[in-house]
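# Observations on the three-dimensional arrangement
Residues per chain, in single letters:
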Amino acid sequence: MASHSTSPQSAAPSQSAPLSPSSAVLHSPEDTKMRERSPSPMRGFLIPSPLPTRRARTKSATARAAEGPVFKGTCKCFSRSKGHGFITPVDGGPDIFVHISDIEGEYVPMEGDEVSYKLCSIPPKNEKVQAVEVVITHQAPGTKHETWSGHVNL
């Protein structure tokens, strides 16, 4: 029976045994500074926009917008890289959002272009509106307009 008992002398050498090289690297202070958390699987992806693009809009919303009146305004700003911009209505009021998918014609809108458009409500509460079926009626004088394919019109 005495051969199976552990004495304090036999337990001490196992606790003070040298660490293996691999375990020393895992627990070194330098390594903890360099370690990063594992990346999220969603990193690099954009959050889907809640704004209804032409592709995501329901048929009923498209039909309601098509039946509505045509408004006139001026392009306040438009960013092709961001895919959206704003229109200032001729009759005043707040600026109206416009998505790249709702622009008709071959030219990218530029600041100062006169446009015609219809309105469509934005879900989920339908309190705000966005411009749809946007057509450039008069290009701003003295500006170079770019086509969607990248050609510049002088």
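Reading the values: rules and limits
- Residues numbered from 1 in each chain as written.
- Predicted model: local features only at pLDDT ≥ 70, side-chain atom pairs only at ≥ 80, totals over all residues.
- Heavy atoms only, no water.
- Buried < 20%, exposed > 50% of the residue type's maximum accessible area, 1.4 Å probe, protein only.
- Helix = DSSP H or I, 4+ residues; strand = E, 2+ residues; numbered from the N terminus.
- Pairing = 2+ DSSP bridges.

### As for the pairing of strand β2 (residues 84-89)
The alternating pattern of β2 places Gly85, Ile87 and Pro89 on a buried face, while none of His84, Phe86 and Thr88, on the opposite face, is buried. For strand β1 (residues 71-79) and β2, the ladder comprises six bridges, and the chain directions are antiparallel. Paired with Thr74 across the strands is Thr88, a residue of β2. Counting the residues between successive antiparallel strands, the hairpin from β1 to β2 contains four residues, one of them, Gly83, with a positive phi of roughly 85 degrees. Taken together, the four bridges between β2 and strand β3 (residues 96-99) define a ladder with antiparallel strand orientation. Residue Phe86 lies in a different strand from β3, and its bridge partner there is Phe97. Counting the residues between successive antiparallel strands, the hairpin from β2 to β3 contains six residues, one of them, Gly92, with a positive phi of roughly 90 degrees.

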